[in-house]
Amino acid sequence: MRIVVFGSGAIGTLHAWALSRAGHDVSMLVRPEQLTRWSDGIGLRILDVRGRRRREVAERFRPRVVTELRPTDGVNLVVLAVRHTQTPDVLPALARNLGSAVVLFLNNNWRGLDFIDAYLGKDQYVLGAPRAGGGIIDNVLDGALEGGIMLGSSVSGHTLYSPVTDTAEQNLGRLVALFAEAGFRPEIHPNMEHWLWVHFASISAWICGAARACGFESFTRSNRAVYDALHAGREAMQICAVRGADVRTAQDARPFLLPPSTITPAVRLMLRGELPQRISVNHGRYAPVDLYEIYDDLVRTGERLDVPMPSLLSYRGDVERMVELAPSL
């Protein structure tokens, strides 16, 4: 399959590497001013636990790098892995130059699907979320590829019967097969739009805790810090519920559905695991603005919906300072 990965951050790079190692023709689409940074590729220092393997990877990844996408390029799949706030800006040009390719949105989505549907048909895209991450510092990606990937149809919980819907389901099936063959463990959620909302909201709780503790690793050393973050996460889940999501169906919501006083020790141990640490420790240094935007979008929605969120709001100063302090953390 001919694949273009749009987004050269940790998520895009990890999946470009994995899909290229699976034998696919993979290119990375970057801005012209980034070509110099990619002239000798990027260093990888990652934990790869796809399938039954568990291995440390230390190598140089030198993908083919392009600066434009053309309808005549014969691309089958575009993996969009840009920051969620960048998605509306890149959609118009992407739609013009997509050709017959399908787009996999492999990034956060808090806005919903209407802004995507304004440019792409339901038969042109699939929704996804990675189970991977890390940070790129000094042109070395330090992180982990957990191996799971969430996927969902663009129809996303709506009952529609048409040839477009059939094509959307076929696109989803092809991507499930693609990632399974590359060693991933695909999971399908019947309402991926709402799953993405809950995932987005759950991230905000850990952003709050890490911001106040000046780092994810120090956050996960403290039961009190995790306890407080769980309270913020419960408010975040309430925002999702008011928007119409059934938070009970999303795995990422589970830590926030039980009383923090009973679940805190178990959640802290979970967050202390090797994979969360490898994925999250460098993320605050690498992409603090992205983390701030996640928190800010969530809180603004809560304010618009009149959801009480004293815990979430108490973290605003911490999250703002995280952006200022990130390079020194």
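Preceding block: the structure.
Reading the values: the criteria
Residues numbered from 1 in each chain as written. Predicted model: local features only at pLDDT ≥ 70, side-chain atom pairs only at ≥ 80, totals over all residues. Heavy atoms only, no water. Helix = DSSP H or I, 4+ residues; strand = E, 2+ residues; numbered from the N terminus. Rg over C-alpha atoms; globule rule 2.2 N^0.38 Å. Buried < 20%, exposed > 50% of the residue type's maximum accessible area, 1.4 Å probe, protein only. Areas by Shrake-Rupley, 256 points an atom, 1.4 Å probe, with all protein chains shown as cover. Core = buried A, V, L, I, M, F, W, Y, C linked by side-chain atoms within 4.5 Å. Contact = heavy atoms within 4.5 Å. Polar contact = N/O pair within 3.5 Å; in protein donor to acceptor, adjacent residues only side chain to side chain. Arc of directions from axis to C-beta. Lys, Arg positive; Asp, Glu negative; His and termini not counted. Salt bridge = Lys/Arg side-chain N within 4 Å of Asp/Glu carboxyl O. Pairing = 2+ DSSP bridges. Axes fitted to C-alpha atoms, helices over the stretch in contact; angles between N-to-C directions. Parallel < 35°, antiparallel > 145°, perpendicular 65-115°, else oblique. Left-handed = near helix turned anticlockwise from the far one by under 90°. Nonpolar A, V, L, I, M, F, W, Y, C, P; charged D, E, K, R; others polar.

Student: How should the overall build of the protein be read in this particular structure?
Tutor: Scanning the protein for helices and strands turns up 13 helices and ten strands. Here the C-alpha radius of gyration of the protein, 19 Å, is about what a compact globule of 329 residues would show, namely 20 Å. Counting only C-alpha atoms, the protein reaches 55 × 45 × 40 Å along its principal axes. The proportion of buried residues among the 329 residues of the protein is 55%. Accessible surface computed for the protein: about 14300 Å², of which carbon and sulfur atoms make up 51%.

Student: Is there a simple way to think about the nonpolar core in this case?
Tutor: Nonpolar side chains tend to gather and get buried jointly when the protein is soluble and globular. Formed by 68 residues in total, the largest nonpolar core has its most connected members in V78, V103, F105, W206 and L312. Considering every element that reaches this core, the biggest residue donor is helix α5 (residues 192–212), with 14 residues. What V78 contacts, discounting residues up to four positions off in sequence, is V4, F6, L69, L94, L98, A101, V102, V103 and L104.

Student: Is there a simple way to think about the side chain of S202 in this case?
Tutor: With respect to the helices and strands, S202 occurs in helix α5. One polar contact links the side chain of S202 to the main-chain carbonyl oxygen of H199, over a distance of 2.7 Å. In contact with S202, other than residues within four places in its own chain, are M237, D252 and F256.

Student: Quick question: what am I supposed to make of helix α2 (residues 87–97) here?
Tutor: Helical geometry: 3.6 residues make up each α-helical turn, so side chains three or four residues apart lie on a common side. Listed as buried for α2 are T87, V90, L91 and L94. The buried side chains of α2 occupy one side of the element, clustering within an arc of 120° when seen end-on. Exposed residues on α2 whose side chains face more than 90 degrees from its buried face are D89 and R96. Tucked into the core, α2 has its buried residues touching β1 (2–6), β6 (77–80), β7 (102–105) and α3 (114–117). With its phi angle positive at about 65°, G99 sits one or two positions after the end of α2.

Student: Help me out: how do you make sense of the side chain of E235 in this one?
Tutor: Tracing the backbone shows E235 in helix α7 (residues 223–243). One buried charged residue, E235, remains without a salt bridge, the closest side chain of opposite sign being R234 at 8.3 Å. Only 3.0 Å separates the side chain of E235 from the backbone nitrogen of S311, close enough to count as a polar contact. A polar atom in the side chain of E235 sits 2.9 Å from the backbone nitrogen of L312. With sequence-adjacent residues up to four places away left out, E235 is seen in contact with V307, P308, M309, P310, S311 and L312.

Student: Looking at this structure, how should I read unusual backbone geometry?
Tutor: Excluding glycine, residues mostly carry a negative phi; peptide bonds, for their part, are mostly trans. One non-glycine residue, C214, lies in the positive phi region at around 60°. Within the secondary structure, C214 sits in the loop between α5 and α6 (216–219). Judged by its relative accessible area of 44%, C214 is partly exposed. Here the phi dihedral of D306 falls at roughly 60°; this positive angle occurs in a residue that is not glycine. Looking at where D306 falls in the secondary structure, it is placed in the loop between α11 (288–304) and α12 (310–314).

Student: So what exactly am I meant to see when it comes to the pairing of strand β9 (residues 140–153) here?
Tutor: Across a regular strand the side chains alternate sides, sitting on one face of the sheet and then on the other. Burial of β9 is extensive: twelve of the 14 residues sit out of reach of the surface. Sheet analysis places strand β3 (residues 42–48) next to β9, joined by six bridges and oriented parallel. Across the sheet, residue L44 finds its bridge partner in β9, namely L141. The loop that links strand β8 (residues 125–137) with its antiparallel partner β9 comprises two residues; one of these, D138, has a positive phi angle of about 55°.

Student: What am I meant to see in the packing of α7 against α11 here?
Tutor: Interaxial distance between α7 and α11 falls to 10 Å at its minimum, and their mutual angle equals 55°. Here α11 runs oblique to α7, going by the angle between their axes. Both α7 and α11 take part in a crossing whose hand is left-handed. Two secondary-structure elements touch here, α7 through A236, I239 and R243 and α11 through L298, T301 and G302. A class-by-class count of the residues in the contact of α7 with α11 yields three nonpolar, two polar and one charged.

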